[in-house]
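The primary structure of each chain is shown beneath.
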Amino acid sequence: MKNVYVHETSIIDDNVTIGEGTKIWHFCHVQSDVEIGKNCSFGQNVNISSHVKIGNGCKVQNNVSIYEGVELEDYVFCGPSMVFTNDLTPRAKYPKGSSGYKKTVLHTGATVGANATIVCGHELGEWSMVAAGAVVTKNVPSHALVAGVPAKQIGWVCECGEKLDENLRCSSCGRRYIQETVTLKQIDKES
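Residues numbered from 1 in each chain as written. Predicted model: local features only at pLDDT ≥ 70, side-chain atom pairs only at ≥ 80, totals over all residues. Heavy atoms only, no water.

## Some words on the overall build of the chain
Here is step 1 of the chain: Across its full length, the chain holds zero helices and 24 strands.
Here is step 2 of the chain: Taking 2.2 N^0.38 as the reference for a compact globule, 191 residues should give roughly 16 Å; the C-alpha atoms of the chain span a radius of gyration of 17 Å, in line with that estimate.
Here is step 3 of the chain: For the chain, the spread of C-alpha atoms along the principal axes amounts to about 50 × 40 × 25 Å.
Here is step 4 of the chain: Restricting the contact set of the chain to residue pairs at least 6 apart, pairs at least 24 apart contribute 15%.
Here is step 5 of the chain: The chain carries 18 positive and 20 negative side-chain charges, and their two centres are separated by 5 Å. (Helix = DSSP H or I, 4+ residues; strand = E, 2+ residues; numbered from the N terminus. Rg over C-alpha atoms; globule rule 2.2 N^0.38 Å. Contact = heavy atoms within 4.5 Å. Lys, Arg positive; Asp, Glu negative; His and termini not counted. Charge placed at Lys NZ, Arg CZ, Asp CG, Glu CD.)

## Regarding the packing of aromatic side chains
Here is step 1 of the chain: With the rule as written, the count across this model stands at one aromatic pair.
Here is step 2 of the chain: For the ring pair tyrosine 5 and tryptophan 25, a centre distance of 4.8 Å and an interplane angle of 50 degrees mean the geometry is tilted. In this pair, tyrosine 5 sits in strand 1 (residues 5–6) while tryptophan 25 sits in the loop between strand 4 (23–24) and strand 5 (29–30), placing the two residues 20 residues apart along the sequence. (Phe/Tyr/Trp six-rings, centres within 6.5 Å; stacked < 30°, edge-to-face > 60°.)

## Regarding the pairing of strand 24 (residues 183–189)
Here is step 1 of the chain: The pairing of strand 23 (residues 175–180) with strand 24 spans six bridges and is antiparallel. From the neighbouring strand, arginine 176 faces strand 24, where its bridge partner is aspartate 188.
Here is step 2 of the chain: Hairpin geometry of strand 23 and strand 24 is characterised by an intervening segment of two residues between the two adjacent antiparallel strands and by a positive phi of about 50 degrees at threonine 181. (Pairing = 2+ DSSP bridges.)

## As for the nonpolar core
Here is step 1 of the chain: Formed by 44 residues in total, the largest nonpolar core has its most connected members in Ile48, Ile54, Ile66, Leu72 and Phe84.
Here is step 2 of the chain: For this core, the secondary-structure elements that each account for two or more residues are strand 12 (70–72) and strand 21 (144–147).
Here is step 3 of the chain: In contact with isoleucine 48, not counting residues within four places along its chain, are His29, Val30, Gln31, Val34, Ile36, Phe42, Ile54 and Ile66. (Core = buried A, V, L, I, M, F, W, Y, C linked by side-chain atoms within 4.5 Å. Buried < 20%, exposed > 50% of the residue type's maximum accessible area, 1.4 Å probe, protein only.)

## Observations regarding the sheet that holds strand 9 (residues 53–54)
By way of backbone hydrogen bonds, the strands of a sheet pair with one another, either parallel or antiparallel.
Here is step 1 of the chain: Overall, parallel pairing links the six strands, which are arranged 3-6-9-12-15-18 in an open sheet. Each edge of the sheet is formed by a strand with only one pairing partner; in this case those strands are strand 3 (17–18) and strand 18 (123–124).
Here is step 2 of the chain: Pairing analysis gives two bridges linking strand 3 to strand 6 (residues 35–36), with the strands arranged parallel. Each residue of the ladder has a partner; that of threonine 17, found in strand 6, is glutamate 35.

## Digging into unusual backbone geometry
Here is step 1 of the chain: Cis geometry marks the peptide bond from valine 149 to proline 150, where omega comes out at -5 degrees.
Here is step 2 of the chain: A positive phi angle is found at histidine 51, which is not glycine, with a value near 70 degrees.
Here is step 3 of the chain: Note that histidine 51 resides in the loop between strand 8 (47–48) and strand 9.
Here is step 4 of the chain: The backbone of histidine 143 sits at a positive phi, close to 70 degrees, despite the residue not being glycine.
Here is step 5 of the chain: Within the element layout of this structure, histidine 143 appears in the loop between strand 20 (135–136) and strand 21.

## A look at the sheet that holds strand 14 (residues 83–84)
Here is step 1 of the chain: Ordered by their spatial adjacency, three strands build an open sheet running 14-17-20, and the pairing between neighbours is parallel. Each of the sheet's edge strands pairs with one partner strand only, and the pair in question is strand 14 and strand 20.

## Examining the state of the cysteines
Here is step 1 of the chain: Tallied over the full model, the rule gives zero disulfides.
Here is step 2 of the chain: With no disulfide of its own, cysteine 40 lies 4.7 Å from the sulfur of cysteine 58, the closest cysteine sulfur.
Here is step 3 of the chain: For cysteine 40, a relative accessible area of 2% puts it in the buried group.
Here is step 4 of the chain: Taking relative accessible area as the criterion, cysteine 58 reaches 0% and is therefore assigned buried. (Disulfide = S-S within 2.5 Å.)

Below, the structure written as structure tokens:
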């Protein structure tokens, strides 16, 4: 593992792959059989369970646990103390093990705000954004902005993160989108 920073208080188990330029800060635990891409950053007190795959350029803030069954594609942002689940009907007396975990995928560029909860078995589309404190109980379309408990769509967001106007334009970077069923597709970038 070249050019990887792991703070001395963190623990990395066996059979872990960590990409170049990744930083793992204080009190983290990366369990066995984990794949982490290049140029990622993991804040204080992050736990990554076995068999998790994390893409390139991801940023995971303090106090996040990424449980088995969760996959992060490239450039995913997980805000401080956001929560993943991996079992819809957990019981201490009747553990299911990894065969009972529901898969959760955060596609490229998805953002989850601080203290939000992602109920397992759902997908967050590319460049979608989940507001702080929201509880996601269904799939989130690409570029959708969702908020509330349970989370409901309240708008659309650009790849750069800004909320789109009523014409599906970004006032910050100039990208324009068209709506295709329940998602957006970029059509051009204004000068």
